[in-house]
Amino acid sequence: MAKFTEIYNKAKAVLAGQSFEKDWHAFLTTECKLAQLFGADGFDVARSQDPERVRRRLRELSKWNKKIGTVIVEAATNPASAGSVNDRASTLKMVRHLYRVSKKGAQEVWVYSPPKAYTKPIFEELSGDAKALASKLNSEQKIFSSKEMAWMASALAVALKIAEDAKAKLSGASGKQADTDAMIQRWFLDETCGATELADAKTKLLAGFQKIAVACASNKLVFADYVDWIKTRNKYFGAAFRGGEGGGFPVIYLEGAFTRLTGNTGKLWLCAETIIHEFSHHEVHTRDHRYDSSGLKPATATLAYAKAIENADSWGYFALDLAGYLSAGDRTKVLF
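Quantities reported herein were computed from a predicted structural model and do not represent experimental measurements. (Residues numbered from 1 in each chain as written. Predicted model: local features only at pLDDT ≥ 70, side-chain atom pairs only at ≥ 80, totals over all residues. Heavy atoms only, no water.)

Caption draft 1: Spatial organisation of the overall build of the protein chain. Within the protein chain one finds 15 helices and 7 strands. Against the globule reference of 20 Å for 336 residues, the protein chain gives a C-alpha radius of gyration of 22 Å, in line with a compact fold. Principal axes of the C-alpha set define a box for the protein chain whose edges measure 70 × 35 × 30 Å. Within the protein chain, buried positions represent 51% of all 336 residues. Accessible surface, the protein chain: about 14,600 Å² in total, of which carbon and sulfur atoms supply 51%. (Helix = DSSP H or I, 4+ residues; strand = E, 2+ residues; numbered from the N terminus. Rg over C-alpha atoms; globule rule 2.2 N^0.38 Å. Buried < 20%, exposed > 50% of the residue type's maximum accessible area, 1.4 Å probe, protein only. Areas by Shrake-Rupley, 256 points an atom, 1.4 Å probe, with all protein chains shown as cover.)

Written out as structure tokens, the structure reads:
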């Protein structure tokens, strides 16, 4: 159950089919209506305040000389209910670490930021008896800091702007077509390519960025952490499943994108490149044939057109360059 969509579906099923402690159940079905937060195609924005309502109630109840883990176990305990205390506790803890991040001048975005100490998906991590369960539930330090979550909203807004810019230039609605064609050649066409490949690339890129722009603008988008990579986070910037996860909403896993990026283009723009890279996987089924660290210059010997046009990092850097956000130094460093 490493995929976020699997966690989402499990929590949704628990809320639909199980009952919490009496007072908590009343709270979760009247003041919160938490089951309605989990829609058929992603989180319902109309219920975006419910996770904070849960956090506030947990804080209030933990004031009375109780740790938050004990409060969650008590809330999840109902011997008359189907299911298990562990599943109900996991669901509350999952919601406890779900945020609707809003920042002036940026987009709102859902972020699932589980405890940094967890090394398994939440429904697997929270196992054992009540004492062991309460101890694990006390882990509070998030995998993403509040500052990083704010960066996600800002970077997503930039990614949307870049994707819209790419759409306009690829369709001929803005910019000089010769400049756009030159940019396509720079990032995708090897030394054997001509007018046929240029036209093919333009068609594929326009169709792809139309999808990427829609995904960037989605109010159902979730940024999360891929739990299987927690021990090796320093090796990855982000991830997404090719074609999506089947839940009806986009999920992007961000690992080191906000802590390890280098270059003089600027961290915000490079974070946006990471988002576009991952959305190209999600929406266009691109692959990771080659990363920027290995060089992205198209060439028959290393990155021929057929691979370049489906290479995620090539899509990301092309969009950044086309929009004018890629520095000359970073372009030179990547195009080798």
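Caption draft 2: Spatial organisation of the environment of I212. Looking at the element boundaries, I212 is found in helix α11 (residues 195-216). The sequence separation of I212 and E164 amounts to 48 residues, and the corresponding C-alpha distance is 8.9 Å. Excluding residues that lie within four positions of it along the chain, I212 makes contacts with A163, I276, F279, S280, E283, V284 and W315. (Contact = heavy atoms within 4.5 Å.)

Caption draft 3: Just the sheet that holds strand β3 (residues 98-101), in detail. Spatially, 5 strands are ordered β3-β4-β5-β7-β6 in an open sheet, and the strand pairing comes out mixed. Since the sheet does not close on itself, it has two edges, and those belong to β3 and β6 (238-239), each with one partner. Looking at chain direction, strand β4 (residues 109-112) and strand β5 (residues 222-224) are connected through 2 bridges and run parallel. Bridging across to β5, W110 finds its partner in V222. Along the sheet, helix α1 (residues 4-17) makes contact with β4, β5 and β7 (251-254), crossing β7 at roughly 120°. (Pairing = 2+ DSSP bridges. Axes fitted to C-alpha atoms, helices over the stretch in contact; angles between N-to-C directions.)

Caption draft 4: Just helix α6 (residues 85-96), in detail. Here α6 contains 12 residues, and its C-alpha end-to-end distance of 16 Å stays within 8% of the 16 Å for a straight helix at 1.5 Å per residue. Within α6, 10 of the 12 residues are buried, which leaves it mostly tucked inside the rest of the structure. (Expected span 1.5 Å × (residues − 1).)

Caption draft 5: Molecular detail of unusual backbone geometry. Residue K33 is not a glycine yet carries a positive backbone phi of 55°. Among the structural elements, K33 can be located in the loop between α2 (22-29) and α3 (34-37). Located in the positive-phi region is H285, a residue other than glycine, with phi close to 65°. Position of H285 among the secondary structure elements: in the loop between α12 (267-284) and α13 (305-308).

Caption draft 6: Quick look at α2. Those residues of α2 that sit buried are W24, F27 and L28. The buried residues of α2 occupy one face: seen down the axis, they fall within an arc of 95°. Where α2 is buried, its residues touch α3, α4 (50-62), α5 (68-76) and α6. Taking the backbone nitrogen of D23 as reference, a side-chain oxygen 3.2 Å away marks E21 as the first, capping residue of α2. (Arc of directions from axis to C-beta. Polar contact = N/O pair within 3.5 Å; in protein donor to acceptor, adjacent residues only side chain to side chain.)

Caption draft 7: Region of interest: the packing of α5 against α6. Orientation of α5 relative to α6, taken along the N-to-C sense of each, is 125°, at an axis distance of 8 Å. In terms of their interaxial angle, α5 and α6 are classed as oblique. For the pair α5 and α6, the sense of crossing is right-handed. For the pair α5 and α6, the contacting residues are I68, I72, V73, A75 and A76 in the first and V85, R88, A89, L92, K93 and R96 in the second. Across the contact of α5 with α6, the residue classes break down as 8 nonpolar, no polar and 3 charged. (Parallel < 35°, antiparallel > 145°, perpendicular 65-115°, else oblique. Left-handed = near helix turned anticlockwise from the far one by under 90°. Nonpolar A, V, L, I, M, F, W, Y, C, P; charged D, E, K, R; others polar.)

Caption draft 8: Structural view of the nonpolar core. Grouped together as the largest cluster of nonpolar side chains are 55 residues, with contacts concentrated most on W187, F188, L205, F209, F223, F279 and F318. Sorting elements by how many residues they give to this core places helix α9 (residues 146-171) first, with 12 residues. If sequence neighbours within four positions are ignored, F209 has contacts with A163, A166, K167, L170, I276, W315, F318 and A319. A2, I7, L137 and A239 belong to the second largest nonpolar core, which has 47 residues in total. (Core = buried A, V, L, I, M, F, W, Y, C linked by side-chain atoms within 4.5 Å.)

Caption draft 9: Representation of the packing of α9 against α11. The geometry of α9 relative to α11 is characterised by a closest axis approach of 9 Å and an angle of 150° between their N-to-C directions. The angle between α9 and α11 places the two elements in the roughly antiparallel class. You can see that α9 and α11 cross each other, and the crossing is left-handed. Contacts between α9 and α11 pair L156, A159, L160, A163, E164, A166, K167, L170 and S171 from the former with K202, L205, L206, F209, Q210, I212, A213 and C216 from the latter. A breakdown of the residues in the contact of α9 with α11 according to their chemical character gives 12 nonpolar, 2 polar and 3 charged.

Caption draft 10: Representation of the environment of V95. Within the fold, V95 resides in helix α6. Owing to a relative accessible area of 0%, V95 belongs among the buried residues under this scheme. Sequence separation between V95 and Y8 is 87 residues, and the spatial gap between their C-alpha atoms is 9.9 Å. With near-sequence residues (within four places) excluded, V95 lies in contact with L34, F38, P51, V54 and R55.

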